[in-house]
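# Tertiary structure, described
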Amino acid sequence: MSPKIPPSWKLSGGCVLRDGRLQAGAVALAGGRIAEQADAVRQFDASGLLVLPGIVDIHGDAHERALQPRPNVDFPPDFALRDAARQCLAAGITTAYLGVTLSWEPGLRSLPAFLAMLEALRTPPAGPELRVHLRFEADNFAAEPAALAAMAAGQVHLLGFNDHTPSIVKKLANPKELGKYAGRAGVSEAELVALADAAFGGRAQVPALRARMATAARAAGIPMLSHDDATLADRVLFRALGASICEFPMAEDVAADARAAGEAVVMGAPNVVRGGSHLGWASAAPLAERGLVTVLASDYHWPALLAAPFRLAGRCVLDLAASWALVSSNPADALGLKDRGRIAPGLRGDLAVTTHEGELVAVFCAGDLAWLAPQGSGRLA
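Residues numbered from 1 in each chain as written. Predicted model: local features only at pLDDT ≥ 70, side-chain atom pairs only at ≥ 80, totals over all residues. Heavy atoms only, no water.

### Quick notes on the pairing of strand β9 (residues 158–162)
We apply this condition: Each residue is assigned to one of three classes by its accessible area relative to the maximum for its type, calculated with a 1.4 Å probe on protein chains only: buried under 20%, partly exposed between the two thresholds, exposed over 50%. Counting from the N terminus, the helices are the DSSP runs of H or I reaching at least four residues and the strands are the DSSP runs of E reaching at least two. The rule for pairing is simple: two strands pair if DSSP sees at least two bridges between them. Assignment of crossover handedness uses the view with strands pointing away from the viewer, where a clockwise path from the first strand over the helix to the second indicates a right-handed crossover.
Across the five residues of β9, five count as buried, placing the element largely inside the fold. Sheet topology note: the strand β8 (residues 129–137)/β9 ladder contains five bridges and is parallel. For Glu-137, the partnering residue across the bridge sits in β9 and is Asn-162. Read from β8 through helix α4 (residues 144–152) to β9, the crossover connection turns out right-handed. Where β9 meets strand β10 (residues 224–227), three bridges bridge the pair, whose relative direction is parallel. Bridging from a neighbouring strand, Gly-160 pairs with Leu-225 of β10.

Laid out in structure tokens, this is it:
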């Protein structure tokens, strides 16, 4: 069956973000892409609105709540992905890198769950383009063959080096934390402790495993990032492996070192919206204003990614164009996506249409209308 060709559109009367600045103008969409001009079949009146590039989310794991809304309450991946896609659209996200954690833990983050997710993505839901950000836990030796196979098959689009086992082992001494982790994994507390101890016992093999994963990622042309770098030594280690993206650095000097090396630095949009990290780490907004944070991710809350640029612009240090780059062109550049993140002829027709206050009115994905707020229906012709 031939792919459906979206109708041509013209969005007129709005303020368009092009070439780093907002300016009055129109945007034409044809054949799924932004066009110089088009004999539009459909018209969208963007008067009084902002026409912005669609949001590129480098790391979002809110889909886990669609898969498992409560401990031991699981839904099939295809069902959960349809829900996740709709939620992404309602947040202006047109490209979503789902943070799929592949851990030694059973249940939600297990190897069977990872393989089931890959299978469901063979027939992705309508709406945003869903990609896989493989968050590979350092001690997950048994899952290495499957991870390598997925990368070679083009089913992984970003490799993240996770290392949560040491902190998990420490947390399991707290009965409340132990119950949380055991519930997510769907095993008894005693079983989880035994699994964590077994995983932690192989620490000496972690460097070699990381090196093999990095070699496979480079061979497949997959970008890499490090997660939760605590020290400059961590950044040096992952830089040597080829991880050119520094995600959620735990100290300002780590972010500064990454930027000095020309690397992208990612922090969470919820951090910006809430006014600080929920874990007490660095505050993202002032770091973004100083150029130490270049990309915002939804992390655990998709709506924050739409709100964060407007919150930053309201601080009157970065204007909206510079703030919006943190969720559009900058993540696209970091991920090597040449075909999106900006409004320019030939690029994907991914657009987010908002009010000047940041309320979402419409979303276009690959050149066609994918989401429309009730108040936007009168703008169609």
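### Re the sheet that holds β9
To keep things clear, this is the line we draw: Orientation is described by lines fitted to C-alpha atoms, with helices fitted over the stretch in contact, and by angles between N-to-C directions that extend from 0 to 180 degrees. In this description, contact between two residues means that some pair of their heavy atoms is separated by no more than 4.5 Å.
Strand order in the open sheet made by the eight strands is β6-β7-β8-β9-β10-β11-β12-β13, with parallel pairing throughout. Looking along the sheet, the strands with just one partner apiece sit at the ends: β6 (55–60) and β13 (295–297). Each neighbouring strand pair of the sheet contributes to a mean axis angle of 25 degrees, computed without reference to strand direction. Sheet analysis places strand β11 (residues 245–247) next to strand β12 (residues 264–268), joined by three bridges and oriented parallel. Following the sheet pairing, Glu-247 is matched in β12 by Val-266. Across the sheet, helix α8 (residues 206–220) touches β8, β9 and β10, and the angle it forms with β9 is around 170 degrees.

### Here's the deal with the nonpolar core
For clarity, the threshold we go by: In these notes, a set of buried Ala, Val, Leu, Ile, Met, Phe, Trp, Tyr and Cys residues joined through side-chain atoms within 4.5 Å is what counts as a nonpolar core.
Ranked by internal contacts, the top residues of the largest apolar core, which has 76 residues, are Leu-134, Phe-136, Leu-159, Phe-161, Met-213, Leu-296 and Trp-324. The element that contributes the greatest number of residues to this core is helix α13 (residues 303–314), accounting for six residues. Among all residues touching Met-213, those that are not within four sequence positions of it are Leu-134, Phe-136, Glu-144, Ala-147, Leu-148, Met-151, Leu-159 and Phe-161. One finds Leu-11, Ile-34, Ala-46 and Phe-364 within the second-largest nonpolar core, a separate group that totals 17 residues.

### Focus on the side chain of Arg-109
Tracing the chain through its elements places Arg-109 in the loop between β7 (93–102) and α3 (111–120). Other than its neighbours up to four places away in sequence, Arg-109 contacts Glu-64, Thr-101, Leu-102, Ser-103, Arg-135 and Arg-184.

### A word on the packing of aromatic side chains
To keep it simple, the criterion reads: Only Phe, Tyr and Trp rings take part, Trp by its six-membered ring, and two of them pair if their centres are within 6.5 Å. Stacked means planes under 30 degrees apart, edge-to-face means over 60, and tilted covers everything else.
Summed over the entire model, instances satisfying the criterion amount to five aromatic pairs. Here the aromatic rings of Phe-75 and Phe-79 are separated by 5.5 Å at their centres, their planes lie at 20 degrees, and the arrangement is stacked. On the accessibility criterion, Phe-75 (35% relative accessible area) is partly exposed. An aromatic cluster of three or more residues is present, and its members are Trp-9, Phe-44 and Phe-364.

### Some words on the pattern of salt bridges
Here is the rule: Here, a salt bridge means any side-chain nitrogen of Lys or Arg that lies within 4 Å of a carboxyl oxygen of Asp or Glu.
What the rule picks out here adds up to 21 salt bridges. For Arg-340, the salt bridge is made with Asp-339, and the minimal N-O distance between the two is 2.9 Å. For Arg-340, a relative accessible area of 4% corresponds to the buried category.

### Quick word on the environment of His-227
Heads up, the condition is: A 3.5 Å cut-off defines polar contacts: any pair of N or O atoms within that distance qualifies, except that in protein one atom must be a possible hydrogen donor and the other a possible acceptor, and neighbouring residues in sequence count only when both atoms are side-chain atoms.
Among the structural elements, His-227 can be located in strand β10. As for His-227 and Thr-355, which are separated by 128 residues in sequence, their C-alpha atoms are 34 Å apart. Those residues in contact with His-227, other than ones at most four positions away along the chain, are His-59, Arg-135, Phe-161, Asn-162, His-164, Glu-247 and Phe-248. Side chain to side chain, His-227 and His-164 meet in a polar contact 3.3 Å long.

### Focus on the side chain of Thr-294
Among the structural elements, Thr-294 can be located in the loop between α12 (284–289) and β13. In this structure, Thr-294 is in contact with Arg-259, Ala-264, Val-265, Leu-326 and Asn-330, ignoring residues within four places of it in sequence.

### Here's the deal with unusual backbone geometry
Among all residues save glycine, negative phi is the norm, and among peptide bonds the norm is trans. In this structure, Phe-248 takes a positive phi of about 55 degrees despite not being glycine. Tracing the chain through its elements places Phe-248 in the loop between β11 and α10 (252–260). Using a relative accessible area of 10% as the deciding quantity, one classes Phe-248 as buried. Phi angles above zero are rare outside glycine, and Cys-316 is one such case at about 65 degrees. As for its placement among the helices and strands, Cys-316 is situated in the loop between α13 and α14 (320–325).

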